[in-house]
Structure formats: structure tokens, C-alpha cells
Amino acid sequence: MQIAELIAPRKFRIREASDPQRGPSEVLVKVEAVGICGSDIHSYSEGGVGDTPCQYPQVLGHEPAGTVIETGSGVTGWAVGDRAAFEPAIYCYHCEFCRAGLHNVCENIRFMSMPGDPGYFRQIVSIPAGNLVPIPPQLSTRDATLAEPLAVILHSMKIADIRLGETAVVFGAGPIGLMTVICLKLSGAGRVWSVDPVAHRRHLASQAGADAVIDPRAVDPVAEILRETGKRGVDVAIDCAAKDNSINHCIHVVRNAGRVVVTGIPSELQVPLDFSPLRKKELRLLNVRRSNHETETAVELLAEHTARFAALITHTRPLEKIAEAFSISEHYTDGVGKMIIVP
């Protein structure tokens, strides 16, 4: 099979590799589509994600979907030819946090695409049978790649605790920000602002349902939203960018006793924080750690609102053009929204 390895910052190589070995409780799958995530871009351009550096060669990719091609002897409920989205997180199921239902902070978590656990930018993968989520007939394999990032957004919606009619702002209109806008509107939010410096991403945000879009290079987004809300501020600010001081913008733009939710991952290990307004307004500062068993719901939501979510997918590239795909995604060129790799 072919495999794409990141061997240095901004440098991939495509090589032939042996097909993986399948265990008795595992399923061998053909990977047919994988989305490029913002955290993949961190690894590609910065050499790591947060405080976790890359270990070269490293296989990225954790938004996959495809088809079952072989099942282990202890596997039930799956057959050759079944289509599925594939969960990238592997939990231990026996630590304190797994037993409490907090699997996303499992003490022994493994995440396929992090150092030591190859991701899905390869043609064939062996994974635990419990990591497969069936795809309904009306949902294409390509569109099913949105299940993993959408599950993260659904987790963020639980944390944000959106109530009917509440106002919200989303900083960042990449795929995560765009899906956040969609989910806010589906959750009954009132007026939603989207803030992004890239023109075509603001356009995508308007198509996704944002009531207003702001170019932070043209106007001060905090001043603009405070003006539009009569100096009150929004109920919830969700930071899907985690760059250019966006976390502090969220703090300043939220009303007293409001919520700030950080979904994005900062490039810096230490982020300056405007603590005084955070304290004076008694804000809740919350962050999102991937998802926690929201993938099945994400697949159902994708099937119900396919056209709305699928509009975010603007580009596909074959595995051998992964370097080009990452360059386009990093620099927001060619009107890219969501980029999909087709192994």
C-alpha cells in the first residue's frame, strides 16, 4: 500500500509499505477519504501540536472514512463491504476517567496521527472494531469525513450550553468555525457573528448561516460587536482560531457572567490572558478536548443536513498530491474551505 509520511516541517514523502497486520478483535479497512484538520496543519507547518512535537517520520490524518475489507475472528456486526467513519482515538476503558465516562481525557489515550500512532494518510489501516461508526446509505464516504470534526463541535456545544435565542460570536471561519456556526444556528442561537480575515472564508460563513461577518483587519471586532449589542456583549464567544489575540477578544466581547469556549489550539505554549476583565465579569473560560462519544450523533446530523455541511468541502486531492493540498490549506489559497485527501 501507499503511505504519506511527514518527514520534516512542510515536507512529505510517499512510499510503499506492507499492509498492516490485523488482530482478532480488529477490522482491516480501506481508507477512501481523509479530511485535513487544523491540527494537521500545526504539525505540518510548526513541527508539532501544542506541547507535543512531531516525531519524524509521522503519519498524520484523523478524519477518515472508508470500507471494511477484512474482519478479525472476534468481530461481530461488521462485514466486508460495510462503509464506516473511523474513530481516531483509542481508549483504555479502565482508568478513572474512562470509568467516569470522560473518555476524551483517558489517562492512557492513544490518538491515531500523533507520534507513535500512525494516522490515516495511508491506504489500508487496522483498527479496533469498536472504532467504526456505520455510514447511512444517503451519506457519501467523502462527506462522512466530517463526522470526526463535527463530533468535536457537538462536544463544544455541550460545553457552551447554548440556550434558545442567545447571541454568539465565532472567531475563525475555517472548517471548525464554519461547522460551529451551523451547529449554533441548529441549536437555536439568535444572532451569530463570524470573525475571519480571509474574504472567501467570511463568504463561506455567511453561507453557513452567520448573521454577520467581520474582517478583523478592517475593523476592531470587539468594538464592532459591542456597538451592535449596545455595549452588552454576546452571551457566548467561541474561539476556533486561537491566534492573533482571539482568546482575549472573546473575553472582551462577552457579557457579564457569559461563557468563553476555546476550541482551537494555540501555536504558543504560553498564551497572554487578560485576566482582569475575565475576573470582573465572572466569565466561564472553558476549553474543548476533542470529542466524547458524539460521533454517532454527528453522523446522524450529517445525514439529516448533508447539503449544508457538504458545502464546506471545496477541494479534494489524491495522496500523491498531499504536499500541494497542505500548502493550499495552510495559506487559505484557491478559495479552500475543507480539503479532503483521497488515498
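One can find the structure itself at the top, above this paragraph.
Quantities reported herein were computed from a predicted structural model and do not represent experimental measurements. (Residues numbered from 1 in each chain as written. Predicted model: local features only at pLDDT ≥ 70, side-chain atom pairs only at ≥ 80, totals over all residues. Heavy atoms only, no water.)

## Some thoughts on the nonpolar core
Stated formally: Here, the term nonpolar core denotes a set of buried Ala, Val, Leu, Ile, Met, Phe, Trp, Tyr and Cys residues that are joined through side-chain atoms within 4.5 Å. The classification of residues rests on relative accessible area computed with a 1.4 Å probe and restricted to protein chains. Under 20% of the type maximum is buried, over 50% is exposed, and intermediate values are partly exposed. Where helices and strands are cited, they refer to DSSP runs of H or I of at least four residues and of E of at least two residues respectively, numbered from the N terminus. Throughout, a contact is declared for two residues whenever any of their heavy atoms are within 4.5 Å.
Within the largest apolar cluster, 45 residues are counted, with the highest numbers of intra-cluster contacts made by Leu150, Cys183, Leu184, Ile238 and Phe309. Among the elements that make up this core, the one with the highest residue count is helix H4 (residues 147–160) (eight residues). Residues within four places of Leu150 in sequence aside, it is in contact with Met179, Cys183, Ala298, Leu301, Leu302 and Phe309. With 39 residues, the next largest nonpolar core counts Met1, Met112, Ile322 and Phe326 among its residues.

## Comments concerning unusual backbone geometry
Look at the link from Tyr56 to Pro57: it is a cis peptide, with omega at -5 degrees. Position of Pro57 among the secondary structure elements: in the loop between strand S5 (52–53) and strand S6 (64–71). Although it is not a glycine, Ala257 sits at a positive phi angle of roughly 60 degrees. Along the chain, Ala257 falls in strand S16 (residues 254–262). Classification of Ala257 by relative accessible area gives partly exposed; the value is 37%.

## What about the sheet that holds strand S13 (residues 192–195)?
Going by this rule: Pairing between two strands requires that DSSP report at least two bridges joining them. Note on method: axes are straight lines fitted to C-alpha atoms, helices fitted across the in-contact stretch only, with angles between N-to-C directions ranging 0 to 180 degrees.
Read from one edge to the other, the open sheet built from six strands follows the order S14-S13-S12-S15-S16-S17, with strand pairing classed as parallel. In the strand order of this sheet, the two ends are held by strand S14 (212–214) and strand S17 (284–287), each with one partner. Taken pair by pair, the neighbouring strands of this sheet meet at an average axis angle of 20 degrees, ignoring direction. Inspection of the sheet shows strand S15 (residues 234–239) paired to S16 by five bridges, in the parallel sense. For Val234, the partnering residue across the bridge sits in S16 and is Val254. Against the sheet, helix H5 (residues 175–186) engages strand S12 (168–171), S13 and S15, with an angle of about 165 degrees to S12.

## What to know about the pairing of strand S19 (residues 338–342)
Summarising burial for S19: four of the five residues are buried, a large majority. Examined bridge by bridge, strand S3 (residues 26–35) and S19 share two bridges and lie antiparallel to one another. Bridging across to S19, Gly35 finds its partner in Ile340. Relative to S19, strand S18 (residues 313–318) is paired through five bridges, and the arrangement is parallel.

## What to know about the pattern of salt bridges
Put simply, the rule is: Salt bridge, as applied in this entry: a Lys or Arg side-chain nitrogen positioned within 4 Å of an Asp or Glu carboxyl oxygen.
The full count for this structure, using the stated rule, is 21 salt bridges. Two residues, Asp143 and Arg142, come together in a salt bridge whose shortest N-O distance is 2.9 Å. Take Arg142: its relative accessible area is 33%, and that puts it in the partly exposed class. Shared partners join several salt bridges into a network, and the residues in it are Asp161, Arg163, Glu166, Arg232, Asp235, Arg255 and Arg259.

## Some words on the layout of surface pockets
Using the following cut-off: Cavity and pocket criteria rest on a 1 Å grid covering protein atoms alone: a 1.4 Å probe that fits but cannot get out defines a cavity, protein on both sides within 12 Å along at least 5 of 7 lines defines an open pocket, and an atom within 4 Å of a point defines a lining residue. Grid points are joined across faces, edges and corners, and a volume is the space filled by probe spheres set on the points. Polar here means any residue other than Ala, Val, Leu, Ile, Met, Phe, Trp, Tyr, Cys and Pro, which are nonpolar, and Asp, Glu, Lys and Arg, which are charged; Gly is therefore polar.
Looking at the second largest pocket, its volume works out to about 210 Å³. Among the elements that line the lining of the second largest pocket, the one with the most residues is strand S10 (residues 124–128), at four residues. Looking at side-chain class alone, the lining of the second largest pocket contains seven nonpolar, one polar and four charged residues.

## Section: empty space enclosed by the protein
To locate leftover empty space, one rolls a probe as large as a water molecule over the atoms. Considering all chains together, one arrives at two cavities of 30 Å³ or more under this definition. In this structure, the largest cavity encloses a volume near 60 Å³. Every residue lining the largest cavity is listed: Glu87, Pro88, Ala89, Tyr91, Asn104, Phe111, Glu148, Arg290 and Ser291. Looking at the lining of the largest cavity, its residues break down into four nonpolar, two polar and three charged. In this structure, the second largest cavity occupies an estimated 40 Å³ of space. Together, Pro64, Ala85, Phe86, Glu87, Pro88, Ala144, Ala147, Glu148 and Thr295 line the second largest cavity. Looking at the lining of the second largest cavity, the elements with two or more residues in it are strand S7 (83–86) and H4. Of the residues assigned to the lining of the second largest cavity, the class counts are six nonpolar, one polar and two charged.

## A closer look at the pairing of S12
How we decide: Seen with its strands pointing away from the viewer, a crossover is right-handed when the path leading from the first strand over the helix to the second is clockwise.
Of the two faces of S12, the one carrying Ala168 and Val170 and the one carrying Val169 and Phe171 are both buried. For S12 and S13, the ladder comprises four bridges, and the chain directions are parallel. Among the inter-strand pairings, Val170 is bridged to a residue of S13, identified as Ser194. Tracing the backbone out of S12, into H5 and back to the parallel element S13 gives a crossover that is right-handed. Here S12 pairs with S15 via four bridges, running parallel. Each residue of the ladder has a partner; that of Val170, found in S15, is Ile238.

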